[in-house]
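Secondary and tertiary structure notes
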Amino acid sequence: MSYETLLTDVRGDGTRRTLLITLNRPKALNALNDQLMDELGAALKAADADAGIGAIVITGSEKAFAAGADIGVLAQHDFVKAYTTDLITRNWETIRTIRKPVIAAVAGFALGGGCELAMMCDIVIAADTAKFGQPEIKLGIIPGAGGTQRLPRAVGKAKAMDLALTGRMMGAEEAERAGLVSRVVPADKLLEEALDAATLICNLGVASVLAVKESVNRSFEGTLADGIMFERRLFHALFGTPDQIEGMDAFLNKRKAEFK
Ligand code: CO8
């Protein structure tokens, strides 16, 4: 399928490969509008349903992962129009429903909705040029796609308040220290690092990969006791699967596992 606001490419040569999605509105620093969010939702859903895809990488340009929601569009709304049309957020929940791992490879600006998009991904790998922020306060609004909820869970209340109340940007090193990103790499190595991580995941057992994602995400939803019980059920459920038998047999016989 081809899109107007995204470039898509399938990378790798294994049984399961990686879908690379590049946000592509360069003139507007990949500002997120309905068309882009609709296309992103469609691309992610198609990848989730495709047994040949094992992981997804979302990236932007060197200058911007995404500089937020399209302010030109936002400015045309009053409350009734925003509320009744579910302004820009209408496809946001789609991302949350994707079961395969999604890696954000972030260079340049990841602001507002761009930072929120990165936070919805499962792994965030940042170039040393990355800048994260929730600058909505400077526009007279607040984050609208999870920024006030996911940011404190990622970086703690103090830093989340600091970022969302002042609208300041945070560089890649600070973001890594704060726990928002998992690795920082030189900008020219960003895509390679993200695709390598995706390939590693593609070569693992599908059921255990999906179970890890589901179980870690569960830790954000309920109580610790519920999460531990959920994890235990999935842990037990994986015994007897071909991947568990292969993974353990390979370890015990000192050979590389070949997951089907
Ligand atoms: N929306 C629309 N256009 C944008 C946006 C944006 N968010 N960001 C940049 N652009 C455009 C600029 O207008 C400019 O266009 P043109 O060349 O036609 O004038 C072009 O991109 C390049 O931008 P700059 O000239 O400003 O580039 P600089 O390098 O000088 O500055 C910045 C880069 C700092 C990123 C600056 O562009 C900026 O501050 N952008 C706005 C950042 C922002 O406020 N983001 C938050 C938006 S609100 C939001 O995200 C709410 C989320 C709601 C949830 C739903 C999410 C989908």
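Up top you'll find the structure we're talking about.
Note that the structure is a prediction, hence the values are computed from the model and not measured.

Bringing the overall build of the protein into the picture now. Summing up its helical and strand segments, the protein has twelve helices and ten strands in all. The C-alpha atoms of the protein give a radius of gyration of 19 Å, which matches the 18 Å a tight globule of 260 residues would have. Counting only C-alpha atoms and orienting by the principal axes, one finds that the protein spans roughly 60 × 40 × 40 Å. Relative to its 260 residues, the protein shows a buried fraction of 42%. Averaged over its 30 positive side-chain charges, the protein has a centre that lies 3 Å from the centre of its 33 negative ones.

As a further point, take the sheet that holds strand β6 (residues 109–111). The mixed open sheet is built from four strands, whose spatial order is β4-β6-β8-β9. At either end of the open sheet lies a strand with only one pairing partner, and these are β4 (64–66) and β9 (170–171). Against the sheet, helix α5 (residues 113–120) touches β4, β6 and β8 (131–133), its axis set at about 90° to β6.

With that settled, consider the pattern of salt bridges. Enumeration according to the criterion identifies eleven salt bridges in this entry. For the salt bridge of R183 with E193, the shortest nitrogen-to-oxygen distance reads 3.0 Å. Here R183, found in strand β10 (residues 183–185), pairs with E193, found in helix α9 (residues 190–202); they are ten residues apart in sequence, far enough to count as distant. Accessibility expressed as a relative area gives 31% for R183, which makes it partly exposed.

To continue, consider the site of the ligand. Around the ligand sit 25 residues, and of these K63, A67, A69, I71 and G113 come closest. Contact distances for the ligand include 2.8 Å between an oxygen atom and a side-chain N or O atom of K63. With respect to the ligand, the backbone of A69 contributes an N or O atom lying 2.8 Å from an oxygen atom. Protein chains bury 64% of the 1100 Å² of accessible surface belonging to the ligand in isolation.

We now examine the packing of helix α10 (residues 206–218) against helix α11 (residues 224–237). The contact between α10 and α11 brings their axes to 9 Å, and the two run at 170°. One finds that α10 runs roughly antiparallel with respect to α11. Contacts between α10 and α11 involve A211, E214, S215 and R218 on the former and, on the latter, G227, F230, E231 and L234. For the contact of α10 with α11, the class distribution of residues is three nonpolar, two polar and three charged.

The subject of this paragraph is the packing of aromatic side chains. Here the distance between the centres and the angle between the planes together describe a pair of aromatic rings. Scanning all chains against the criterion turns up two aromatic pairs. Ring geometry for F79 and Y83: centres 5.2 Å apart, planes at 15°, overall stacked. Separated by four residues within a single helix, F79 and Y83 lie in helix α3 (residues 79–85), roughly one turn from each other. Residues F235 and F239 carry aromatic rings whose centres are separated by 5.2 Å and whose planes lie at 80° to one another, so their mutual orientation is edge-to-face. F235 gets classed as partly exposed once you look at its relative accessible area, which sits at 48%. Sitting over the ring of F230, R218 keeps its end group 4.2 Å from the ring centre.

Linking two cysteines covalently via their sulfur atoms produces the bond known as a disulfide. All chains considered together, the criterion is met by zero disulfides. For the unlinked cysteine C121, the closest cysteine sulfur is that of C115, found at 11 Å. Here C121 falls in the buried class, since its relative accessible area comes to 7%.

Okay, α10 next. For an α-helix, 3.6 residues make a turn, and residues three or four places apart therefore share a direction. Taking 1.5 Å as the rise per residue, α10 with 13 residues should run 18 Å; its terminal C-alpha atoms sit 18 Å apart, in good agreement. Residues of α10 that are buried make contact with β5 (102–106), α9 and α11.

All right, on to the pairing of strand β1 (residues 6–11) then. Strand direction decides the pairing type here: β1 and strand β2 (residues 17–23), joined by six bridges, are antiparallel. Following the sheet pairing, L6 is matched in β2 by L23.

Attention now goes to unusual backbone geometry. With a phi close to 60°, N30 is a non-glycine residue in the positive phi region. Mapped onto the fold, N30 is located in the loop between β2 and α1 (34–49). For N30, a relative accessible area of 1% translates into the label buried. Its identity as a non-glycine residue notwithstanding, D86 has a phi of 55°, on the positive side. Turning to its location among the elements, D86 is positioned in the loop between α3 and α4 (92–96).

The rules behind each value
Residues numbered from 1 in each chain as written. Predicted model: local features only at pLDDT ≥ 70, side-chain atom pairs only at ≥ 80, totals over all residues. Heavy atoms only, no water. Helix = DSSP H or I, 4+ residues; strand = E, 2+ residues; numbered from the N terminus. Rg over C-alpha atoms; globule rule 2.2 N^0.38 Å. Buried < 20%, exposed > 50% of the residue type's maximum accessible area, 1.4 Å probe, protein only. Lys, Arg positive; Asp, Glu negative; His and termini not counted. Charge placed at Lys NZ, Arg CZ, Asp CG, Glu CD. Pairing = 2+ DSSP bridges. Contact = heavy atoms within 4.5 Å. Axes fitted to C-alpha atoms, helices over the stretch in contact; angles between N-to-C directions. Salt bridge = Lys/Arg side-chain N within 4 Å of Asp/Glu carboxyl O. Near = heavy atom within 4 Å. Polar contact = N/O pair within 3.5 Å; in protein donor to acceptor, adjacent residues only side chain to side chain. Areas by Shrake-Rupley, 256 points an atom, 1.4 Å probe, with all protein chains shown as cover. Parallel < 35°, antiparallel > 145°, perpendicular 65-115°, else oblique. Nonpolar A, V, L, I, M, F, W, Y, C, P; charged D, E, K, R; others polar. Phe/Tyr/Trp six-rings, centres within 6.5 Å; stacked < 30°, edge-to-face > 60°. Lys NZ or Arg CZ within 6 Å of the ring centre and 35° of its normal. Disulfide = S-S within 2.5 Å. Expected span 1.5 Å × (residues − 1).

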